[in-house]
Amino acid sequence: MKNQSAPSAPTAPTGPGGANAPGGAGALADRLHQAQPYALGLFRIVVGLLFACHGAATLFGVLSDSSGGTAPVGTWPSWYAAVIQLGAGGLVLLGLGTRSAAFLASGSMAYAYFKVHQPDALFPLQNGGESSAMFCWAFALLVFTGPGALALDRLFGSRVDAGPTTRGSSRERQEQGAPTAA
């Protein structure tokens, strides 16, 4: 309950161009914040699809315009990398075990960069390792952010994403009489 005798804190101007004005910077920031889980989910879907396509091209010779053929079964590291690309890419695409699959995918791309590309030259533009570096960092981001919206993990009630949003804000908990951390 709000104390009626306490002075209220100063607020940002709400006139034309103010932060809380309709169409102002505050409203835009609120809309972007609300869209963030969906943008992250779309990012996850696109990255997972592109990664899985790399694996499918190497394993089955599909989805690629190059006639480089397929990797023979069991050859190190190309066949194993392709299996990781197809499997982890598919899981990330669907949003199933996203953090674990993204961790594995990020590690495989770090290995690809440092073992395959980096010995040729230091920078990705010089050694042809742009896609390895980008996939590595994209999957590293997904390890820390999680799957975002539109993930199948949410259908199965993943406990990983059951954070503060499901328990209410600290203000709601305080109003209900629950202790809050300082």
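Up top is the structure these notes are about.
Position numbers for residues count from 1 along each chain, tracking the sequence in the order it is written. Restriction of local features to residues with pLDDT of at least 70 applies here, the model being predicted, together with a cutoff of 80 or more for giving and counting side-chain atom pairs; totals for whole chains, interfaces and linings are based on all residues. Only heavy atoms go into the side-chain values, all of them from the structure, while hydrogens and water stay out.

Student: How do you make sense of the overall build of the protein chain when you look at a structure like this?
Tutor: Secondary structure follows DSSP: runs of H or I at least 4 residues long count as helices, runs of E at least 2 residues long count as strands, and numbering of each begins at the N terminus. Helix and strand counts for the protein chain stand at 7 helices and 0 strands. Start at the N end of the protein chain and walk to the C end: the helices and strands fall as α-α-α-α-α-α-α. Residues counted as buried form 29% of the 182 residues belonging to the protein chain. What makes two residues a contact is simply this: any of their non-hydrogen atoms within 4.5 Å. Contacts spanning at least 24 positions in sequence make up 59% of the contacts within the protein chain whose residues lie at least 6 apart. A 1.4 Å probe rolled over the protein chains alone gives each residue an accessible area, and that area as a share of the maximum for its type sets the label: buried under 20%, exposed over 50%, partly exposed in between.

Student: Sorry if this is basic, but what is going on with the packing of helix α2 (residues 78-94) against helix α3 (residues 98-117) here?
Tutor: Angle between the axes and distance between the axes are the two parameters that describe a pair of packed helices. Two elements in contact, α2 and α3, have axes whose closest approach is 9 Å; the angle formed by their N-to-C orientations is 145°. In the crossing of α2 with α3, the sense of the turn from one axis to the other is left-handed. Across the interface between the two elements, Ile 84, Gln 85, Ala 88, Leu 91 and Val 92 of α2 pack against Thr 98, Ala 101, Ala 102, Leu 104, Ala 105, Ser 108 and Met 109 of α3. Gly is put with the polar residues, along with every residue not named as nonpolar or charged; the nonpolar set is Ala, Val, Leu, Ile, Met, Phe, Trp, Tyr, Cys and Pro, and the charged set is Asp, Glu, Lys and Arg. For the contact of α2 with α3, the per-class residue count stands at 9 nonpolar, 3 polar and no charged. Where helices are involved, their axes are fitted lines through C-alpha atoms of the stretch in contact, as for all axes, and angles between N-to-C directions lie from 0 to 180°. Two helices crossing with the near one rotated counterclockwise from the far one by less than a right angle form a left-handed crossing, whereas a clockwise rotation gives a right-handed crossing.

Student: How should the environment of Ala 138 be read in this particular structure?
Tutor: For Ala 138, the location among the structural elements is in helix α5 (residues 130-145). Spatially, the C-alpha atom of Ala 138 lies 8.6 Å from that of Ala 102, the residues being 36 residues apart in sequence. Ignoring any residue separated from it by four or fewer positions in sequence, one finds Ala 138 in contact with Phe 43 and Val 47.

Student: Where do I start with unusual backbone geometry in this structure?
Tutor: The phi torsion of most residues other than glycine is negative, and most of the peptide bonds are trans. The omega angle of the peptide bond from Trp 76 to Pro 77 is -5°, so this bond is cis rather than trans. Within the secondary structure, Pro 77 sits in the loop between α1 (25-60) and α2. We note that Leu 150 has phi near 65°; this positive angle belongs to a residue other than glycine. On the secondary structure map, Leu 150 appears in the loop between α5 and α6 (164-167).

Student: Can you help me understand α5 in this one?
Tutor: Because each turn of an α-helix spans 3.6 residues, side chains separated by three or four positions end up pointing in the same direction. Expected span of a helix, by definition, is 1.5 Å for each gap between consecutive residues, and there is one gap fewer than residues. With 16 residues, α5 extends 22 Å between its outermost C-alpha atoms, agreeing within 8% with the 22 Å of an ideal straight helix rising 1.5 Å per residue. Listing the buried residues of α5 in full gives Ser 132, Ala 133, Phe 135, Cys 136, Ala 138, Phe 139, Ala 140, Leu 142 and Val 143. In the segment just after α5, Gly 146 is the residue with positive phi, at about 85°.

Student: What am I meant to see in the packing of aromatic side chains here?
Tutor: The way to describe two aromatic rings as a pair is by their centre distance and the angle between their planes. Side-chain rings of Phe, Tyr and Trp (the six-membered ring for Trp) are treated as a pair once their centres are within 6.5 Å; stacked means planes under 30 degrees apart, edge-to-face means over 60, and tilted covers the remaining angles. For the structure shown, the criterion picks out 7 aromatic pairs. Ring geometry for Phe 51 against Phe 139: centres 4.7 Å apart, planes inclined by 65°, an arrangement best described as edge-to-face. With a gap of 88 residues between them, Phe 51 in helix α1 and Phe 139 in helix α5 connect regions that are remote in the sequence. The buried category is assigned to Phe 139, whose relative accessible area is 0%. Aromatic pair Trp 76 and Tyr 80: ring centres 5.6 Å apart, planes at 55°, arrangement tilted. For Trp 76, a relative accessible area of 62% corresponds to the exposed category. Put simply, the rings of Trp 76, Trp 79, Tyr 80 and Tyr 111 touch in pairs and so form one group of aromatic residues.

Student: Explain the nonpolar core to me, please; I cannot follow it from the model alone.
Tutor: One broad trend across soluble globular proteins is that nonpolar side chains are buried collectively. Phe 51, Val 92, Ala 102, Met 109, Phe 135, Phe 139 and Leu 142 are the most contacted members of the largest nonpolar core, which totals 16 residues. Contributions of two or more residues to this core are made by α1, α2, α3 and α5. For this core, the element with the highest residue contribution is α5, accounting for 6 residues. Contact partners of Ala 102, with chain neighbours within four places excluded, come to Val 92, Phe 139, Leu 142 and Val 143. To qualify as a nonpolar core, a set must consist of buried Ala, Val, Leu, Ile, Met, Phe, Trp, Tyr and Cys residues joined through side-chain atoms within 4.5 Å.

Student: I tried to follow a nonpolar patch on the surface on my own but got confused; where do I start?
Tutor: Among the surface-exposed residues, Leu 94, Leu 152, Leu 155 and Phe 156 lie close enough to one another that they form a single nonpolar patch of about 440 Å² accessible area. Mapped onto the secondary structure, Leu 152 falls in the loop between α5 and α6. Classification of Leu 152 by relative accessible area gives partly exposed; the value is 30%. Every patch collects residues that have over 30% relative accessible area and no salt bridge, joining them within 9 Å if they carry like charges and within 5 Å if they are nonpolar side chains (Val, Leu, Ile, Met, Phe, Trp, Tyr). Residue exposure ignores everything except the shown protein chains as possible cover, and the areas themselves are Shrake-Rupley values with a 1.4 Å probe. Any Lys or Arg side-chain nitrogen located within 4 Å of an Asp or Glu carboxyl oxygen qualifies as a salt bridge.

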